[in-house]
Amino acid sequence: MTEIITASAARSVQTRRRIRPHIYETPLLPARSDSLLFKAENFQLTGSFKIRGAASVMSAVTSDQPLVTASSGNHGIGAARAAQSMGRSLTVVLPENVVPEKLARIRSYGVQVVLHGAETGLAEQHAQRLALATGARYISPYNDADVIAGQGTIGLELLDQAGQIDNVFIAMGGGGLISGIGAVIKAFSPGTRIIGAAAEASQALALSMRAGRVVDCDHLDTLADAVAGGIDEDTLTLPLAQAVTDEVVTCTEAEILHALRLLAQDENLLVEGAAALAMAAFLKLGAAKPGQTNVVLLCGGNF
């Protein structure tokens, strides 16, 4: 497992140089409580970390390579903004029931939009077929080595900004975020613990990590909707997430809601549910670690 950690971390180092002009190096903010820091990706250019992975792919392929992706949320918005910034041709496939405001935001970046299917899963399948038929590069929201490396650049920033870190709390969805950051942290600061936060209502990655293989589960409505849903059978993130994650904390909807309120009321930080999920894991576990330096990754601020 050491090899895949080292390889992913090295790819993140290379990626950081390529994407630096197209992203914002987000601040590391002190919380009002001792020994707690917030990595504020909610202040990223598109309100989410997802632009990092998309920019990583776009900067790694030839300039004339057409690109296709699918997402009606943070990934689609981030990919569209990255394409505009880098002058790339991009098609974004969206489900027919996409929220009008999100559709307008993605279109505002000048990318081509295709509406297909009744939900995001069908849109993703269509995007993959479209990529195969046209020779385009499909940009997965998480199942892509370059996407993982892009998310890993957050870990490099953390090491520059914080120095010694004892624990990093990261929300888990498809696994690109925790895999990328975790690989970087374990490569350069192996004593730092990576703690994954899973939503009880939709925890495919957490259950797959426990089983050692991809498993499906019920996916109920959750405040952390950005991390909801299943993972690909051939996902690259499962073995990497297993290798870098020291502990997984599963949080209920009540715990996520409490974290959302605390961040808003006590820290003046308005974040999305997936970011509050990481905070909920800290409140459940991190508070029992006095005197340690803890980082909660606020992965986004879009609603």
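Residues numbered from 1 in each chain as written. Predicted model: local features only at pLDDT ≥ 70, side-chain atom pairs only at ≥ 80, totals over all residues. Heavy atoms only, no water.

Trainee: Whenever I open this one, a nonpolar patch on the surface confuses me. Can you help?
Mentor: A contiguous nonpolar surface patch, about 270 Å² in accessible area, is contributed by Tyr24, Phe43 and Leu45. Along the chain, Leu45 falls in the loop between β2 (36-40) and α2 (50-60). Take Leu45: its relative accessible area is 34%, and that puts it in the partly exposed class. (Patch = residues over 30% accessible without salt bridge, like charges linked within 9 Å, V, L, I, M, F, W, Y side chains within 5 Å. Areas by Shrake-Rupley, 256 points an atom, 1.4 Å probe, with all protein chains shown as cover. Salt bridge = Lys/Arg side-chain N within 4 Å of Asp/Glu carboxyl O. Helix = DSSP H or I, 4+ residues; strand = E, 2+ residues; numbered from the N terminus. Buried < 20%, exposed > 50% of the residue type's maximum accessible area, 1.4 Å probe, protein only.)

Trainee: Could you clarify how one ought to interpret the sheet that holds strand β6 (residues 137-139) in this entry?
Mentor: In any sheet, the strands associate via hydrogen bonds between backbone groups, in a parallel or an antiparallel arrangement. Pairing in this open sheet of 4 strands is parallel, and the strands run β5-β4-β3-β6 from one edge to the other. At either end of the open sheet lies a strand with only one pairing partner, and these are β5 (112-115) and β6. Strand-to-strand twist in this sheet, taken as the mean axis angle between neighbours without regard to direction, amounts to 25°. Pairing analysis gives 3 bridges linking strand β3 (residues 67-70) to β6, with the strands arranged parallel. (Pairing = 2+ DSSP bridges. Axes fitted to C-alpha atoms, helices over the stretch in contact; angles between N-to-C directions.)

Trainee: What should I look at first to understand the layout of surface pockets in this one?
Mentor: Rolled over the atoms, a probe with the dimensions of a water molecule shows which regions are left empty. The space that makes up the second largest pocket amounts to roughly 190 Å³. Together, Ile4, Ala7, Ser8, Arg11, Ala145, Ile148, Leu236, Pro239 and Leu240 line the second largest pocket. Looking at the lining of the second largest pocket, the elements with two or more residues in it are α1 (2-19), α6 (145-162) and α9 (237-244). At 4 residues, the largest contribution of residues to the lining of the second largest pocket is made by α1. Class assignment for the residues of the lining of the second largest pocket results in 7 nonpolar, 1 polar and 1 charged. (1 Å grid on protein atoms, 1.4 Å probe; cavity = no way out; pocket = protein on both sides within 12 Å on 5 of 7 lines; lining within 4 Å. Points joined across faces, edges and corners; volume = space filled by probe spheres on them. Nonpolar A, V, L, I, M, F, W, Y, C, P; charged D, E, K, R; others polar.)

Trainee: Sorry if this is basic, but what is going on with unusual backbone geometry here?
Mentor: Note: most residues except glycine have negative phi, and most peptide bonds are trans. Non-glycine residue Asn268 carries a positive phi angle of around 55°. Residue placement: Asn268 occurs in the loop between α10 (253-267) and α11 (273-285). Exposure remark for Asn268: the relative accessible area of 57% places this residue in the exposed category.

Trainee: Please explain the environment of Asp166 as it appears in this structure.
Mentor: Take Asp166: it is sitting in the loop between α6 and β7 (167-171). Along the chain, Asp166 and Ala183 lie 17 residues apart, while their C-alpha atoms are 15 Å from each other. Apart from the residues within four sequence positions on either side, Asp166 is in contact with Gly191, Thr192, Arg193, Gln292 and Thr293. Looking at Asp166, its side chain comes within polar contact range of the main-chain nitrogen of Thr293, at 2.7 Å. (Contact = heavy atoms within 4.5 Å. Polar contact = N/O pair within 3.5 Å; in protein donor to acceptor, adjacent residues only side chain to side chain.)

Trainee: Explanation requested: the sheet that holds strand β9 (residues 247-251) in the structure shown.
Mentor: Spatially, the 6 strands line up as an open sheet ordered β1-β2-β10-β7-β8-β9, and their pairing is mixed. Strands at the two margins of the open sheet, each flanked by one partner only, are β1 (28-30) and β9. For this sheet the average axis-to-axis angle between neighbouring strands, irrespective of direction, equals 25°. Relative to strand β10 (residues 294-298), β2 runs parallel, the two sharing 5 bridges. The residue of β10 that forms the bridge with Phe38 is Val296.

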